[in-house]
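Descriptive analysis of the structure
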Amino acid sequence: MLLTAAERRRGISGGVLSLVAIALFVGIAVSALLLWDAPETQGQLFTAYTGRILQFTLWQAVLSTLFSVCLALPVALSLARRPHFIGRIWIVRLMALPMGLPVLIGALGLIGIWGRQGAVNSFLSTLGLEQPISIYGLTGILLAHVFFNLPLAARLFLVALERQPAEYWLLSTSLGMKPLSIFRFIEGPALIRVVPGIAGLIFMLCATSFTLVLILGGGPAATTLEVAIYQSLRFDFDPPRAIGLAVLQIAVTGLILAALAFLPAPDGTHVTAGRATRRFDGRTWGARLWDGSTILAATLFLILPLASIFLAGIKADLWRLASSPAFLNAAYTSLSIALLSGLLAVSVALAIIHARIAIRDLRHPGIPARGLAAMLGATSSLVLLVPPVVIGTGLFLLLRPFGDVSRFAPALVAAINMLMALPFVMRVLEPAIEDHRRQTARLAASLGVTGFSRLRRIDLPFLIGPILTALSFAMALSLGDLGAVALFGSSELTTLPWLVYSRLSSYRTNDADGLALLLGMICLALTILGSLSRRKGYDG
Amino acid sequence: MRKLLLSLTVAAATIILTPAARAEDKVLTIYTYESFTADWGPGPKVKAAFEKTCACKVEFVAVADGVALLTRLKLEGETTKADIALGLDTNLISEAKATGLFEPHGLQASSGDGGISVPGNYADDTFLPYDYGHFAIVYDTKTIKNPPRSLKELVEGDPSQKIAIEDPRTSTPGLGLLLWMKSVYGDKAPEAWAKLKGRILTVTPGWSEAYGLFTKGEVPMVLSYTTSPAYHMVEENENRYQAAAFSEGHYVQIEVAGMLKGARDKDLARDFLKFMVSQGFQDVIPTTNWMMPVTKTSQPLPDAFGKLVMPEKTFLMGSDEVAKNRQAWIDEWLNAMSMN
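Residues numbered from 1 in each chain as written. Chains lettered and ligands numbered in written order. Predicted model: local features only at pLDDT ≥ 70, side-chain atom pairs only at ≥ 80, totals over all residues. Heavy atoms only, no water.

**Here we look at the overall build of chain A**
Looking only at helices and strands, chain A features 22 helices and zero strands. Over its C-alpha trace chain A gives a radius of gyration of 24 Å, about what one expects of a compact globule, namely 24 Å for 540 residues. With the C-alpha coordinates aligned to their principal axes, the bounding extent of chain A is approximately 65 × 65 × 50 Å. Every one of the 540 residues in chain A was classed for burial, and the buried ones make up 59%. Partitioning the contacts of chain A with sequence separation of at least 6, the portion at a separation of at least 24 is 84%. A total accessible area of about 22,300 Å² is found for chain A, and carbon and sulfur atoms account for 69% of it. Side-chain charges in chain A split into 41 positive and 25 negative, and the spacing between the mean points of these groups amounts to 9 Å. (Helix = DSSP H or I, 4+ residues; strand = E, 2+ residues; numbered from the N terminus. Rg over C-alpha atoms; globule rule 2.2 N^0.38 Å. Buried < 20%, exposed > 50% of the residue type's maximum accessible area, 1.4 Å probe, protein only. Contact = heavy atoms within 4.5 Å. Areas by Shrake-Rupley, 256 points an atom, 1.4 Å probe, with all protein chains shown as cover. Lys, Arg positive; Asp, Glu negative; His and termini not counted. Charge placed at Lys NZ, Arg CZ, Asp CG, Glu CD.)

This is how it looks when you write it as structure tokens:
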């Protein structure tokens, strides 16, 4: 019982309020769509076709998750062991970039390296190999999903490793621990705590993948449920079928995620004086070589497609593009939507986390309280599975009677983006806040520091870093998102990805490349902002 | 949390305080697709030209594409603000009519009369054509020295020469190729698709993705329009990309517009449709929308258009036939393409 009764009450009611708000937002949109008097649904929901795409959806998502997580682990371990690696801060920042890129741009970048005419194949053909390696098919899908998700996983793992108290490393040195023991007693437990959450997140992202799967899949054998949902809503306009498919997607993916939740999540209680971390391990040449080549390989894998985007982008007349009113307007719109959705996502995530902490603080949490905690956890991650196209169409129907929907569009897009970003923000904030509470809650309670003064003196100085990181995550995600905007399609609401697509759809590939580069630079700038405070904490 | 509450309150306030449509002088609201209203598209010029003649204001509402346009109208139903919907294609006509939202234009617009001429004997009392383009395989002359001269040659050609096509489930060109193959091969279409499959590098969700792969040099052939090379020749002075003429003939996409039953000023809407098939509108189309005009333009078309493939035979299926069979044909395509 480390919280006062009032704090607990506030925490729980904040959580209930967020839960209700999210449920209403999603629920009202879906029921508006269901209640719309649609013509009879055309196709049966569960056909051999649905079965086949469900199977493929899950199969590629499982493989993509496995590859992304398993490859990200060594990268994060190496990066954590080498705090002074040349350009390390930039490698970590670049890792935030794929998420902020419109998917099509990322795919074109990947194709520039791995495609039939890409750098890798050109290199192979100079070696005298005739047949180019082809990535189209499952290989291409996996490659692209790893490109987008490995950096995400590596960053989150790295944060978890860096949160380990400095004392651990001191102790491991004085005990003369071998690398294997360090992994077993320090790194392993730290990672195991976050693996289920991160794997679940990546699994959801890959299961709902749409554009990447179609572009790199090579044919309709590679189709995800999201494609079928899009088709039935945008092309066939068959809302009941679209919702049926969406429910199927949520149910099946949710089941798999529930299985992940049973993985052990050991409690990591550390007591630390909070001194700066110094690592004393990995001083052998073998370890240096391994870490160096791991980081180098991951960086190359990440940077080559980005470089191909960069090289295509600088061919455009960047100054003309950057100073054009179209770009400035779109940048303003995109950034305001991103900021709004980022702030919303962080606020809602904070409310949910505090509610969960408050419930855990109860001496005898009853079934309703435990149920609420579980619901909060599930809701904050499962919203990612609700197709934005379904929410968007539902909201459109709902708001029509109140006037021009394009007037509400920015707020709606921000709200939809908030839902998409919530699971990411939770992954960044929850472990950080829990650690922070473990270290400070008892002391603060015994000193009687509560309420605002605790927030100001104890919580904010520590949490501002994770909060900024989470905010930059959410903003980058919103910046790169095309889906939600495309629904409301109105000339007043032009975002940067929309601008990129509109150039592409009228032969202006050069301009599109240039705009994509500018968008990438904005995302990078955001990431730098997001990592500034953390860097300060690191040095001092 | 407080921020969430605040924004919810603001959203609620916006909903309540939003005034009803303001009373204004004559406004013509046109729903269309995004590339029509882009800075470089026909929209701005068309708007300026029509406003000179009508003492009215033209307002565009742009959505992603023709399919999204129809969906938007279905969602809005009779309360739609649209007076004119511009940018559907012939395949959507049957579905569009089924909404009951459109009204026959009552204009004399058959070939010859208004000077309108579109291939494929298209005529309709509700939807008036404003431009058209034939689907074609566009290829990169640097890579492909012997382009296929027929659909048959495309299907049976060297599988190492790849093509990118669009998905008929999510895009109109993709549906166009499906109908083209059906027109040529009939019941044998699945076998033809199974053969063509070996040449298909990938099937993209829309035209932009496929064309992006093509101009990036990843794939030497792409499903596009006979008019695509004109863009590269006129705007980029580039002769590298050309369309292949197919001896069986080409499937045509005709873009149409219609007026809505709920149009506030029907005479104004009808005036716009008349204007749409006049030179003031048609002159703009070729070099902004990169499609063929449906009437004679006041100036001859740029030279590049003279170099384009002019199909001798045109395929066009009736809209009803397409609506009735689309799902079955897509299923057939899925099966043929998913087989190993």
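**Some details on the overall build of chain B**
Each helix and strand in chain B was counted, giving 15 helices and 12 strands. Against the globule reference of 20 Å for 340 residues, chain B gives a C-alpha radius of gyration of 22 Å, in line with a compact fold. In terms of its C-alpha atoms, chain B occupies a principal-axis envelope of roughly 65 × 60 × 40 Å. Taken across its 340 residues, chain B has 59% of its residues classed as buried. Of all intrachain contacts in chain B linking residues separated by at least 6 positions in sequence, the fraction that spans at least 24 positions is 77%. Of the roughly 13,700 Å² of accessible surface on chain B, a fraction of 51% belongs to carbon and sulfur atoms. Taken as two groups, the 35 positive and 42 negative side-chain charges of chain B have centres that lie 3 Å from each other.

**What to know about the interface of chain A and chain B**
Taken together, the contact pairs 64 residues of chain A with 65 residues of chain B. At the boundary of chain A with chain B, total buried surface from both sides reaches about 5,700 Å², with 61% on carbon and sulfur atoms. Three residues, A:Pro220, A:Phe235 and A:Tyr507, lead the burial of chain A against chain B; their summed loss comes to 16% of the area buried on that side. Summed over the shared surface of chain A and chain B, the result is one salt bridge. At the junction of chain A with chain B, the criterion picks out 13 residue pairs in polar contact (both at pLDDT 80 or more). Among the elements that make up the side of chain A that touches chain B, the one with the highest residue count is helix α11 (residues 225–235) of chain A (six residues). Considering only residue class, the side of chain A that touches chain B consists of 34 nonpolar, 20 polar and 10 charged. (Buried area = accessible area lost by both parts, 1.4 Å probe. Salt bridge = Lys/Arg side-chain N within 4 Å of Asp/Glu carboxyl O. Polar contact = N/O pair within 3.5 Å; in protein donor to acceptor, adjacent residues only side chain to side chain. Nonpolar A, V, L, I, M, F, W, Y, C, P; charged D, E, K, R; others polar.)

**What about the nonpolar core?**
Core analysis: the biggest nonpolar cluster contains 268 residues, and B:Ile84, B:Leu86, B:Trp193, B:Phe272 and B:Phe281 have the highest contact counts within it. Not counting the four nearest positions on each side in its chain, B:Ile84 is found in contact with B:Leu28, B:Thr29, B:Ile30, B:Tyr31, B:Ala257, B:Gly258, B:Met259, B:Leu260, B:Ala269, B:Phe272 and B:Leu273. Core analysis: the next-biggest nonpolar cluster, separate from the first, contains five residues, A:Ile337, A:Ala409, A:Ala414 and A:Leu493 among them. (Core = buried A, V, L, I, M, F, W, Y, C linked by side-chain atoms within 4.5 Å.)

**Observations concerning the side chain of A:Thr211**
Relative to the helices and strands, A:Thr211 is located in helix α10 (residues 211–217). Under the relative-accessibility criterion, A:Thr211 is labelled buried at 14%. Apart from residues lying up to four places away in sequence, A:Thr211 is in contact with A:Val103, A:Tyr501, B:Pro205 and B:Glu209.

**Digging into the environment of A:Leu321**
All names here are of chain A. The topology assignment puts Leu321 in helix α14 (residues 318–323). The class for Leu321 is buried, based on a relative accessible area of 2%. Taking the C-alpha atoms as reference points, Leu321 and Leu515, separated by 194 residues in sequence, lie 7.1 Å from one another. Apart from the residues within four sequence positions on either side, Leu321 is in contact with Ala316, Phe327, Arg503, Asp511, Gly514, Leu515 and Leu518.

**A short note on the environment of A:Ser308**
Residue and element names in this part refer to chain A. Looking at where Ser308 falls in the secondary structure, it is placed in helix α13 (residues 285–314). On the accessibility criterion, Ser308 (18% relative accessible area) is buried. Once the C-alpha coordinates of Ser308 and Ile182 are considered, the two residues, 126 residues apart in sequence, prove to be 39 Å apart. In this view, Ser308 contacts Leu108, Gly109, Gly112 and Ile113; residues no more than four positions away in its chain are not counted.

**A few points about the state of the cysteines**
Counting across every chain of the model gives one disulfide over all chains. In this model B:Cys54 forms its disulfide with B:Cys56; the gap between the sulfur atoms is 2.0 Å. Note on the B:Cys54 and B:Cys56 pair: the S-S dihedral is about -85°, so by sign convention the disulfide is left-handed. Across the pair, exposure class does not vary: B:Cys54 and B:Cys56 are buried alike. Cysteine A:Cys70 shares no disulfide, and the gap to the nearest cysteine sulfur, in A:Cys206, comes to 13 Å. On the basis of relative accessible area, A:Cys70 is assigned to the partly exposed category, the value being 45%. Using a relative accessible area of 0% as the deciding quantity, one classes A:Cys206 as buried. (Disulfide = S-S within 2.5 Å.)

**Details of the pattern of salt bridges**
Summed over the entire model, instances satisfying the criterion amount to 27 salt bridges over all chains. Here B:Asp83 makes a salt bridge to B:Arg264, at a shortest N to O gap of 3.3 Å. Of this pair, B:Asp83 sits in the loop between α4 (66–76) and β3 (84–89) while B:Arg264 is found in the loop between β10 (250–260) and α11 (266–276), placing the two residues 181 residues apart along the sequence. Exposure remark for B:Arg264: the relative accessible area of 56% places this residue in the exposed category. Close ionic contact of B:Lys97 with B:Asp124 constitutes a salt bridge, the shortest N to O distance being 2.6 Å. Taken together, the positions of B:Lys97 in helix α5 (residues 93–98) and B:Asp124 in the loop between β4 (102–103) and β5 (128–140) put the pair 27 residues apart, joining distant regions of the chain. When salt bridges that share partners are traced, they join A:Arg81, A:Arg82, A:Glu187 and A:Asp291 into one network.

**Digging into the environment of B:Phe315**
All names here are of chain B. Along the polypeptide, Phe315 turns up in strand β12 (residues 314–315). The sequence separation of Phe315 and Phe275 amounts to 40 residues, and the corresponding C-alpha distance is 28 Å. The contact partners of Phe315, leaving out residues within four places of it in the chain, are Trp180, Ser183, Val184, Glu248, Gly249, His250, Tyr251 and Val252.

**Some remarks on the packing of helix α1 (residues 5–35) of chain A against helix α17 (residues 388–399) of chain A**
For any two helices packed against each other, the geometry is given by the interaxial angle and the distance between the axes. Residues and elements named next belong to chain A. Running from amino to carboxyl end, α1 crosses α17 at an angle of 75°, the nearest separation of the two axes being 7 Å. Between α1 and α17, the crossing angle belongs to the class labelled roughly perpendicular. When α1 is examined against α17, the residues Phe25, Val26, Ile28, Ala29, Val30, Ala32 and Leu33 are found in contact with a partner set consisting of Val390, Ile391, Thr393, Gly394, Leu395, Leu397 and Leu398. In terms of residue class, the contact of α1 with α17 is built from 12 nonpolar, two polar and no charged. (Axes fitted to C-alpha atoms, helices over the stretch in contact; angles between N-to-C directions. Parallel < 35°, antiparallel > 145°, perpendicular 65-115°, else oblique.)

**Observations concerning the confidence of the model for chain B**
All names here are of chain B. Across chain B, the average pLDDT comes to 88, with 91% of residues at or above 70. Contacts for the low-pLDDT stretch residues 11–24, under 50 throughout, to residues beyond four places or in other chains number eight contacts. In the model output, the complex is listed with pTM 0.86 alongside ipTM 0.83. (pLDDT = per-residue confidence, 0-100.)

**Concerning unusual backbone geometry**
Residue and element names in this part refer to chain B. Here the phi dihedral of Ala55 falls at roughly 50°; this positive angle occurs in a residue that is not glycine. Relative to the assigned elements, Ala55 resides in the loop between α3 (43–54) and β2 (57–63). Take Ala55: its relative accessible area is 67%, and that puts it in the exposed class. You will see that Trp290, though not glycine, has its phi angle at about 55°, which is positive. Counting through the fold element by element, Trp290 comes out in the loop between α13 (285–288) and β11 (292–293). The buried category is assigned to Trp290, whose relative accessible area is 5%.

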